[in-house]
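Each chain, written out:
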Amino acid sequence: MRHFSQLIISTIIVFNTAQSFSQTEATLLIGTYTNSGSHGIYVARFNEQSGQITIADSAKADNPSYLCIAPSGKKVYALSENAGTNPGSVSAFNFDAPSAKLSFINTQVTGGDHPCFLSIDAKGKFLAVANYSGGSVTMMPVDGSGALLPFSQLVQHYGKGTNPQRQEKPHVHQSVFSPKQNFVVVNDLGLDEVRAYAFNSKRDQPLDTQKVVKIRTAPGSGPRHLVFHPSKPIFYVMEEMSGKISVFAFNKHSIASLQTIECDTISKQPGSADIHMSPDGKFLYASNRADANTITIFSVGGSDGRLQRIGSQPVGGKGPRNFVMHPSGNWLLVANQYTSNIIVFARDAQTGMLKQTGTGTSLPTPVCLVFAKK
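Just so it is clear, the structure is predicted and the values come from calculations on it, not from any experiment. (Residues numbered from 1 in each chain as written. Predicted model: local features only at pLDDT ≥ 70, side-chain atom pairs only at ≥ 80, totals over all residues. Heavy atoms only, no water.)

Here the focus is the environment of Lys 202. With respect to the helices and strands, the residue Lys 202 is situated in the loop between β14 (193-199) and β15 (207-216). Lys 202 sits in the exposed class, given a relative accessible area of 73%. Sequence separation between Lys 202 and Cys 368 is 166 residues, and the spatial gap between their C-alpha atoms is 30 Å. (Helix = DSSP H or I, 4+ residues; strand = E, 2+ residues; numbered from the N terminus. Buried < 20%, exposed > 50% of the residue type's maximum accessible area, 1.4 Å probe, protein only.)

A word on the packing of aromatic side chains. All told, the structure shown has 10 aromatic pairs when counted by the stated rule. Ring plane angle 35° and centroid distance 4.3 Å describe the contact between Tyr 66 and Phe 117, whose orientation is recorded as tilted. Separated by 51 residues along the polypeptide, Tyr 66 in strand β4 (residues 66-69) and Phe 117 in strand β8 (residues 115-120) bring together distant segments of the chain. On the numbers, 6.0 Å between centres and 45° between planes, the contact of Phe 235 with Phe 250 is tilted. With Phe 235 in strand β17 (residues 234-239) and Phe 250 in strand β18 (residues 244-250), this pair connects stretches of sequence that are 15 residues apart. Classification of Phe 235 by relative accessible area gives buried; the value is 4%. Counting every residue linked through ring pairs, the aromatic cluster contains Phe 228, Phe 235, Phe 248 and Phe 250. (Phe/Tyr/Trp six-rings, centres within 6.5 Å; stacked < 30°, edge-to-face > 60°.)

A word on the sheet that holds strand β27 (residues 354-362). Hydrogen bonds along the backbone pair up the strands of a sheet, which may run parallel or antiparallel. What the four strands build is an open sheet, ordered β24-β25-β26-β27; its pairing is antiparallel. Either end of the sheet is taken by a strand with one partner, and the two such strands are β24 (320-325) and β27. Each strand axis lies, on average, 25° off the axis of its neighbour in the sheet, ignoring direction. (Pairing = 2+ DSSP bridges. Axes fitted to C-alpha atoms, helices over the stretch in contact; angles between N-to-C directions.)

This next bit is on the state of the cysteines. Scanning the entire structure with this criterion turns up zero disulfides. Of all cysteine sulfurs in the structure, the one in Cys 368 sits closest to Cys 116, which takes part in no disulfide; the separation is 11 Å. (Disulfide = S-S within 2.5 Å.)

Right, let's talk about the pattern of salt bridges for a bit. Overall, the coordinates contain nine salt bridges when judged by the stated rule. Linking Arg 321 and Glu 81 is a salt bridge whose minimum nitrogen-to-oxygen distance equals 3.7 Å. You can see Arg 321 sitting in strand β24 and its partner Glu 81 sitting in the loop between β5 (75-80) and β6 (89-96), a full 240 residues away along the chain. Across this residue pair, the class does not change: Arg 321 and Glu 81 are buried. Residue Glu 240 is joined to Arg 289 by a salt bridge in which the shortest nitrogen-to-oxygen separation is 3.5 Å. With Glu 240 in the loop between β17 and β18 and Arg 289 in the loop between β21 (283-288) and β22 (294-300), this pair connects stretches of sequence that are 49 residues apart. Grouping residues by exposure puts Glu 240 and Arg 289 together as buried. Ionic contacts of the salt-bridge type, sharing partners, join the residues Arg 166, Arg 224, Glu 240 and Arg 289 into one network. (Salt bridge = Lys/Arg side-chain N within 4 Å of Asp/Glu carboxyl O.)

Turning our eyes to something else, we now look at the side chain of Ser 272. By the element assignment, Ser 272 lies in strand β20 (residues 272-277). Residue Ser 272 is classed as buried on the basis of its relative accessible area of 0%. Looking at Ser 272, its side chain comes within polar contact range of the side chain of Asn 288, at 3.0 Å. (Polar contact = N/O pair within 3.5 Å; in protein donor to acceptor, adjacent residues only side chain to side chain.)

This is the structure:
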């Protein structure tokens, strides 16, 4: 493992001095777990014509398992998925895409164990952090320079689910801002609940815990991640433990269940993970770990947003914890945690199907992929 780590660092140095940023390249940020030789956060160039990935630089960070980029594109926030005496935290970095450089600003603790997801509001004023083992949501203010301030609000969940091994207490797995920025929507795998907290960025404690919409998913389903349709009032919830996707329609007054459809049809005990939609809203993609190690492909109904399963693509590795679609919709990249590789797929915009390109890269334990703004 020491040799592998040294090889990665040597590769970074070579490419950092030899490569220049071109008009046909996008910048890709890669988050990792650092217990297997990883340096932390990696910055890569992605060739938008060939699909090639070239590592350009890296920044030291401790278990940066999830990243997000500020609306300006000039700041990056990375959580450290830790607990106990090495508490969970979020770090802020200055980011210069042309030079691929990250420079550390500061760190603040999240107040909860094993933070696993974070997002930032459209004004760049607050981070919403999901603390998995802590079973809580943290709201962390961002000052005018992009530095993190101490968290101003922590919302603790209570209770348990039906599975004593996985749902012995709350396990908050995602915290995202709704399309109109009026809610922070939270998936709690431990409680089989999706909660939407009213959000007001003008308040020090921006979540209104008295104005909460709660949605119950099936007992033992374990809601993990969700995605909103880009143009319809619909969202899609990936259930990690059931291996299914639940579809919901929403308006100002209510939320209605439209459909539940199988995603992982292979695993004895599913470990479904991530979910994303094509930019045009016509196709939905979801990753399955456990025995499957696939991306399931769905077409999205034009009128009501219901899903139809149309295909399944092996990911070329094990443990597809996270994947990302290029903003053009032409490429889909998968981070395989257990085989330490990133695989690039070409995407057919008409059919929605994926084709492995033979390109990608190897990195220790990649678990988060984010394209930077151009």
